[in-house]
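# Notes for the structure review
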Amino acid sequence: MSDKIITSVDGAIGRIVFNQPEKRNAVSLEMWTAVDEALDRYAADDNVRVVILSGAGGKAFVSGADISKFESERASEEAVAHYNTTTARVYTKVHAFPKPVIAQIDGFCVGGGCALAVCCDIRVCGEGAQFAVPAAKLGLGYAYAGLERLVALVGPSFAKEIFFTADRFSAEDAKFMGLVNRVVPDGEVEAFCTAMANRIAGNAPLTVGSVKFIVGEAVKPESERDLQKCADLVKGCFDSQDYIEGRRAFMEKRKPNFVGA
């Protein structure tokens with residue numbers, strides 16, 4: 001595990017922190033690999049019900065790729081292919097993660113950082129956060145999957161503006177576009193995300209997981225939707241002990257204790 005990626009579990013919350021603040025948490029191949037491994041651990045850990053992604057230092061979420069590593073990690077055609085495959089795998093894994101993922105965004109959220117945030121279920125940023133995808137200033141190509149996720153989030157017109165201009169956008173701009181769910185005062189982002197994660201973790205995991213899957217299916221082309229699995233997940237909620245617990249807790253006016261079964 002890279003020391004540039006810090007992982008921890010606090011109750012039901014799994015955290016992944018990009019820890020390279022001196023470079024605004026720019027990400028190397030080693031860091032992407034460490035995130036990939038952390039996601040696998042959290043997916044397999046039933047005690048983890050929510051994952052929060054954040055950047056160390058308070059000045060950046062993730063500011064994109066670590067350019068200083070390009071000569072060692074992206075100098076040849078084979079190296080570029082390996083790097084792109086690894087990052088694409090992480091983005092897909094975050095987007096399809098079976099549990100809710102929150103992006104805790106302080107400061108800069110640029111390039112690959114913006115792509116990563118788009119893969120999360122919920123994005124919360126501070127008032128001073130700034131967003132940009134500077135691909136057009138660097139001559140970079142952008143793969144279909146990343147653009148598809150952005151279009152699904154902000155729509156085609158804003159997606160084009162973000163990419164065509166390569167401008168830097170404020171937190172207010174991001175909220176207007178639909179790029180972020182919430183904007184909170186700087187310095188309060190972590191507390192807000194932790195409180196939200198705890199509320200989510202206290203709800204029925206089967207319900208939360210089923211909704212995440214079904215919403216994911218709803219934005220796919222109709223021919224690609226797995227409606228049978230959607231129906232099976234809904235039935236699983238009604239067949240669960242948590243459904244019984246939820247009803248009883250409501251009647252008894254107490255907080256339910258959901259176990260995910």
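Throughout what follows, the structure given in this document is the object of discussion. (Residues numbered from 1 in each chain as written. Predicted model: local features only at pLDDT ≥ 70, side-chain atom pairs only at ≥ 80, totals over all residues. Heavy atoms only, no water.)

## Considerations on the packing of helix α3 (residues 77–95) against helix α4 (residues 112–119)
Packing of α3 against α4 brings their axes to within 8 Å, and their N-to-C directions diverge by 30°. Between α3 and α4, the angle is such that the two are roughly parallel. Two secondary-structure elements touch here, α3 through Y91, V94 and H95 and α4 through G112, A115, L116 and C119. Considered class by class, the residues forming the contact of α3 with α4 number 5 nonpolar, 2 polar and no charged. (Axes fitted to C-alpha atoms, helices over the stretch in contact; angles between N-to-C directions. Helix = DSSP H or I, 4+ residues; strand = E, 2+ residues; numbered from the N terminus. Parallel < 35°, antiparallel > 145°, perpendicular 65-115°, else oblique. Contact = heavy atoms within 4.5 Å. Nonpolar A, V, L, I, M, F, W, Y, C, P; charged D, E, K, R; others polar.)

## Some thoughts on the packing of aromatic side chains
As enumerated under the stated definition, the model contains 6 aromatic pairs in all. The interplanar angle of 75° and the centroid separation of 6.2 Å between the aromatic rings of F18 and W32 together place this pair among those described as edge-to-face. Of the two residues, F18 sits in strand β2 (residues 13–18) while W32 sits in helix α1 (residues 29–44), which places them 14 residues apart along the sequence. For W32, a relative accessible area of 2% corresponds to the buried category. Taken together, a centroid distance of 4.7 Å and an interplanar angle of 75° make the contact between Y142 and F163 edge-to-face. Separated by 21 residues along the polypeptide, Y142 in the loop between α5 (135–138) and α6 (144–154) and F163 in helix α7 (residues 156–165) bring together distant segments of the chain. (Phe/Tyr/Trp six-rings, centres within 6.5 Å; stacked < 30°, edge-to-face > 60°. Buried < 20%, exposed > 50% of the residue type's maximum accessible area, 1.4 Å probe, protein only.)

## A look at a negative patch on the surface
A contiguous patch of negative charge, built from E161, D167, E172 and D173, is present on the exposed surface. In this structure, E161 sits in helix α7. The class of E161 is partly exposed, set by a relative accessible area of 33%. (Patch = residues over 30% accessible without salt bridge, like charges linked within 9 Å, V, L, I, M, F, W, Y side chains within 5 Å. Areas by Shrake-Rupley, 256 points an atom, 1.4 Å probe, with all protein chains shown as cover. Salt bridge = Lys/Arg side-chain N within 4 Å of Asp/Glu carboxyl O. Lys, Arg positive; Asp, Glu negative; His and termini not counted. Charge placed at Lys NZ, Arg CZ, Asp CG, Glu CD.)

## Details of the pattern of salt bridges
On inspection of all chains with the given rule, the structure shows 9 salt bridges. Salt-bridge contacts for R254 lead to E245; the nearest nitrogen and oxygen are separated by 2.7 Å. The class for R254 is partly exposed, based on a relative accessible area of 35%. One salt-bridge network, in which partners are shared between bridges, spans D36, D40, R89 and K93.

## As for α6
Among all positions in α6, only R149, L150 and V154 are buried. Buried residues in α6, looked at end-on, bunch into an arc of 110°, giving them a common side. Exposed residues pointing more than 90 degrees away from the buried face of α6 are listed as Y144 and A152. Where α6 is buried, its residues touch α3, α4, α7 and α8 (171–177). G155 lies just past α6 and shows a positive phi near 90°. (Arc of directions from axis to C-beta.)

Interpretation note: all reported values are geometric properties and have no functional meaning in isolation.
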